[in-house]
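Commentary on secondary and tertiary structure
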Amino acid sequence: MRLAKAVSDVLDPKNVVVAGLVVIGWRAGGPTGLAWALLAVVFAGVVPGVVIRLGIARGSWHDPHVRTRQARLVVIPLVMVSVGGCIALFALLGAPPILVGALIAMMTVLVPLFLVTLAWKVSVHAAVGSGAVTAFAALISPWWALGFAAVAAVGWSRVALREHTVAQTIVGALIGVVATGSAILLLGQ
């Protein structure tokens, strides 16, 4: 159980998003791209983290993984607003197109996650992980597809912790792959 918790915590969606933006930012333009990425991290990592911590402090939910479907129906739209604001700001300020594309890909994952969450508790961990691996494999190197092993590990951890069923982790992973892949194809990245 400790291993499952460690995998789940290390591969937490916020951590994956932050790491992914930093890698893509660096690839987009070295130190300048990294600066843009760190600004994106504020919108896509820090703001969602603060929203979650405030919800915990207020007693709206009890852990950083936001276990209940009802709580996710609050958190996901707030994350969407923050990421959407970042997309608009980056488009206005002329951020590197690959970073804008990464943020748009995040939004394309968030929308179906929210829609599915209206009726069912899908795995956000699996969706974000598979979306990141898909983006890296398409934008950086096909070797990144080996990262699907980490997606399988996070799916296992969520099931072992009894946070999700196997089906919920598979559907989450499929949302990440299909939404991210579609965004990359449509954006011509």
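The preceding data block contains the structure.
Figured I'd write up the structure that's included with this text. Small disclaimer: the values here were computed from a predicted structure and weren't measured.

The rules behind these values
- Residues numbered from 1 in each chain as written.
- Predicted model: local features only at pLDDT ≥ 70, side-chain atom pairs only at ≥ 80, totals over all residues.
- Heavy atoms only, no water.
- Helix = DSSP H or I, 4+ residues; strand = E, 2+ residues; numbered from the N terminus.
- Buried < 20%, exposed > 50% of the residue type's maximum accessible area, 1.4 Å probe, protein only.
- Axes fitted to C-alpha atoms, helices over the stretch in contact; angles between N-to-C directions.
- Parallel < 35°, antiparallel > 145°, perpendicular 65-115°, else oblique.
- Left-handed = near helix turned anticlockwise from the far one by under 90°.
- Contact = heavy atoms within 4.5 Å.
- Nonpolar A, V, L, I, M, F, W, Y, C, P; charged D, E, K, R; others polar.
- Core = buried A, V, L, I, M, F, W, Y, C linked by side-chain atoms within 4.5 Å.

For the protein, the helix and strand inventory stands at 7 helices and 0 strands. The secondary structure elements of the protein, listed N-terminal to C-terminal, are α-α-α-α-α-α-α. Along the longest, intermediate and shortest principal axes, the C-alpha atoms of the protein span 40 × 35 × 30 Å. In the protein, which comprises 189 residues, the proportion classed as buried is 47%.

Attention now goes to the packing of helix H2 (residues 13-58) against helix H3 (residues 69-93). Between H2 and H3, whose axes approach to 9 Å, the crossing angle comes to 160°. Taken together, the axes of H2 and H3 lie roughly antiparallel to each other. When you trace H2 past H3, the crossing you get is right-handed. Residues Trp36, Leu39, Ala40, Phe43, Ala44, Val47, Pro48, Val51 and Ile52 of H2 form the contact with H3, whose own contacting residues are Val75, Leu78, Val79, Ser82, Val83, Gly85, Cys86, Leu89, Phe90 and Leu93. A breakdown of the residues in the contact of H2 with H3 according to their chemical character gives 17 nonpolar, 2 polar and no charged.

Glancing now at the nonpolar core. A general feature of soluble globular proteins is that nonpolar side chains tend to end up buried together. Counting 39 residues, the largest nonpolar core has Leu21, Val83, Phe90 and Leu103 as its most contacted members. Elements represented by at least two residues in this core include exactly H2, H3, helix H4 (97-117), helix H5 (124-139) and helix H7 (166-187). Considering each element in turn, this core owes the most residues, 10 residues, to H2. Setting aside residues up to four positions removed in sequence, leucine 21 forms contacts with Ala37, Ala40, Val41, Ala44, Leu99, Ala102, Leu103 and Met106.

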